[in-house]
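Below are the chains, spelled out letter by letter.
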Amino acid sequence: DMLPQLVFAKDSDGEFLLANQAVAEVYGTTVEELEGATDADFADSRAEARQFREDDLAVIDSGEPKEIPEEPLTTADGETMVCQTTKIPYDPADHDREAILGVSTDITARKERERELKIQAAAMEAAMDGIAILDGDEYIYMNQAHADIFDFDPEELLGEEWRALYDDDELARLEAEVFPELADTGSWRGETVGRKRDGTAVTQDLGLALLDSGELICTNRDITAQKQREAELRQQRSRLRALFDNSPDEIVIHSADGTVIDVNQTIADSLGYDRD
């Protein structure tokens with residue numbers, strides 16, 4: 001009765017020969033009322049009672065144990081338990097009918113956790129950003145997006161060291177700047193430059209988070225094209241500024257209400273003012 005598992009024995013007619021307190025609590029009754037009754041007398045689900053009966057008879061007919069990895073069991077309060085059940089042939093000394101002995105373990109919490117992990121895994125795989133988990137220096141998980149940044153398949157990098165994706169100068173910078181902050185605060189966010197399969201540089205927006213268990217979560221995004229555009233824009237602005245400042249024409253930029261926003265040096269010199 002103190003066991004958390006559901007322990008029971010039923011004969012070929014489906015009657016309980018014995019049941020522990022856990023079974024009685026699930027059915028919302030007592031051990032005394034269960035013994036001599038059947039699942040159908042207490043089960044809220046006829047389908048569940050019918051399946052229990054079929055499994056019992058299968059064990060009795062075959063004389064072989066049966067493992068049921070998971071099966072639903074509706075409790076007296078309407079909740080659905082997920083049970084992992086083992087049933088074996090049982091020959092009670094004081095009973096003239098064949099029987100089975102069964103033990104069911106409540107795995108509801110485990111199944112819910114597995115479901116949550118599947119959802120999380122699916123979300124990680126579908127993420128546009130790269131996601132990887134490292135144990136020490138080795139990759140133990142990565143999604144396709146992370147591998148794509150370096151032009152590899154995930155299987156090629158799993159079990160390999162992340163350091164192989166960076167050149168010596170960048171490794172030295174990470175050792176000097178990133179790892180001390182990561183060790184001190186448990187996280188870091190910034191830009192790093194890795195190397196693709198063909199050696200091409202790839203600039204990443206990288207986030208690192210150190211777990212209590214020691215694993216390192218890495219998220220990354222390829223921002224190479226963005227950085228190139230920013231460099232081009234800076235160069236373009238620099239050229240335009242040079243043209244603006246050195247134009248022989250007098251140029252003034254003002255808002256709709258006449259407030260001066262910018263002037264070139266030509267008009268400042270013409271009027272005898274500093275640009276400021």
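The structure presented is a predicted model; accordingly, all values stated were derived computationally and were not measured. Here the residue numbers are simple positions, counted from 1 along each chain's written sequence. Only residues with pLDDT of at least 70 get local features here, since the model is predicted, and only at 80 or more are side-chain atom pairs given and counted; chain-wide, interface and lining totals rely on the full set of residues. Note that water and hydrogens are dropped before the side-chain values are worked out from all heavy atoms of the structure.

K.L.:
How should I be thinking about the packing of aromatic side chains in this particular structure?
P.N.:
Aromatic ring pairs are described here by two measures, namely the spacing of the ring centres and the angle between the planes. Paired rings are identified among Phe, Tyr and Trp, the last through its six-membered ring, by centres lying within 6.5 Å, and are further divided according to the angle between planes into stacked (under 30 degrees), edge-to-face (over 60) and tilted (the rest). Per the counting criterion, the structure on display carries 5 aromatic pairs. Seen from their ring centres, phenylalanine 8 and phenylalanine 16 are 6.5 Å apart, and the 80 degrees between their planes marks the pair as edge-to-face. Ring centres 5.5 Å apart and planes at 75 degrees place the aromatic pair tryptophan 162 and tyrosine 166 in the edge-to-face group. Only protein chains enter the calculation, and the probe is 1.4 Å; a residue is then buried if its accessible area is under 20% of its type maximum, exposed if over 50%, and partly exposed in between. With a relative accessible area of 11%, tyrosine 166 lands in the buried category.

K.L.:
Quick question: what am I supposed to make of the environment of alanine 109 here?
P.N.:
Each helix is a run of DSSP H or I of at least 4 residues and each strand a run of E of at least 2, with the numbering of both proceeding from the N terminus. Topologically, alanine 109 is positioned in helix 5 (residues 108-126). For alanine 109, a relative accessible area of 63% corresponds to the exposed category. With 28 residues separating them in the primary sequence, alanine 109 and methionine 81 have C-alpha atoms 9.0 Å apart.

K.L.:
Looking at this structure, I do not really get the sheet that holds strand 7 (residues 138-142). What am I missing?
P.N.:
Strand pairing in a sheet is mediated by backbone hydrogen bonds. Such pairs are either parallel or antiparallel. Read across the open sheet, the 5 strands follow the order 7-6-10-9-8; overall the sheet is antiparallel. The open sheet terminates on both sides in strands that have one partner only, identified here as strand 7 and strand 8 (187-195). Averaged over neighbouring strand pairs, the angle between their axes works out to 30 degrees when direction is ignored. Here 4 bridges tie strand 6 (residues 130-135) to strand 7, and the two strands are oriented antiparallel to one another. Its bridge partner being in strand 7, alanine 132 is matched across the sheet by methionine 142. Contacts were defined at the residue level, with two residues in contact if any of their heavy atoms lie within 4.5 Å. For helices, the fitted axis covers only the stretch in contact; all axes are lines through C-alpha atoms, and the angles between them, taken along N-to-C directions, range from 0 to 180 degrees. Lying over the sheet, helix 8 (residues 168-185) contacts strand 8, strand 9 (201-210) and strand 10 (216-222), oriented at roughly 160 degrees with respect to strand 8. Strand pairing is defined by DSSP finding a minimum of two bridges between the two strands.

K.L.:
Is there a simple way to explain helix 4 (residues 46-62) in this structure?
P.N.:
Three- or four-residue spacings in an α-helix give side chains the same orientation, since the helix completes a turn every 3.6 residues. Take the number of residues in a helix, subtract one, and multiply by 1.5 Å to get its expected span. Between its first and last C-alpha, helix 4 extends 24 Å over 17 residues, near the 24 Å set by a 1.5 Å rise per residue. Among the residues of helix 4, Glu48, Ala49, Phe52, Asp55, Asp56, Val59 and Ile60 are the ones counted as buried. Relative to the axis of helix 4, the buried residues are bounded by an arc of 135 degrees and lie together on one face. Among the exposed residues of helix 4, those oriented more than 90 degrees off its buried face are Arg46 and Asp61. As for helix 4, its buried residues are in contact with strand 1 (6-11), helix 1 (21-27), helix 3 (39-42), strand 3 (66-74), strand 4 (80-90) and strand 5 (99-106). Backbone geometry just downstream of helix 4 places glycine 63 in the positive-phi region, at approximately 70 degrees. Throughout, the arc means the angular range of directions from the helix axis out to the C-beta atoms.

K.L.:
What should I look at first to understand the nonpolar core in this one?
P.N.:
For soluble globular proteins, nonpolar side chains are generally found buried alongside one another. Definition of nonpolar core: a set of buried residues of the types Ala, Val, Leu, Ile, Met, Phe, Trp, Tyr and Cys, connected through side-chain atoms within 4.5 Å. Of all hydrophobic cores here, the largest spans 22 residues; its most connected members are Tyr139, Phe150, Trp162, Leu165, Tyr166 and Leu208. Elements with a minimum of two residues in this core: strand 6, strand 7, helix 6 (144-149), helix 8, strand 9 and strand 10. It is helix 8 that provides the largest number of residues to this core, a total of 4 residues.

K.L.:
So what exactly am I meant to see when it comes to the sheet that holds strand 4 here?
P.N.:
Ordered by their spatial adjacency, 5 strands build an open sheet running 2-1-5-4-3, and the pairing between neighbours is antiparallel. Only two strands of the sheet have a single partner each, and these edge strands are strand 2 (16-19) and strand 3. Adjacent strand axes in the sheet meet at a mean angle of 25 degrees, parallel and antiparallel pairs treated alike. Judged from the 6 bridges that link them, strand 1 and strand 5 form a sheet pairing that is antiparallel. Bridge pairing links lysine 10 to isoleucine 100 in strand 5. Seen against the sheet, helix 4 touches strand 1, strand 3, strand 4 and strand 5 and runs at an angle of roughly 160 degrees to strand 3. Along the sheet, helix 5 contacts strand 3, strand 4 and strand 5; its crossing angle with strand 4, the most-contacted strand, is approximately 125 degrees.

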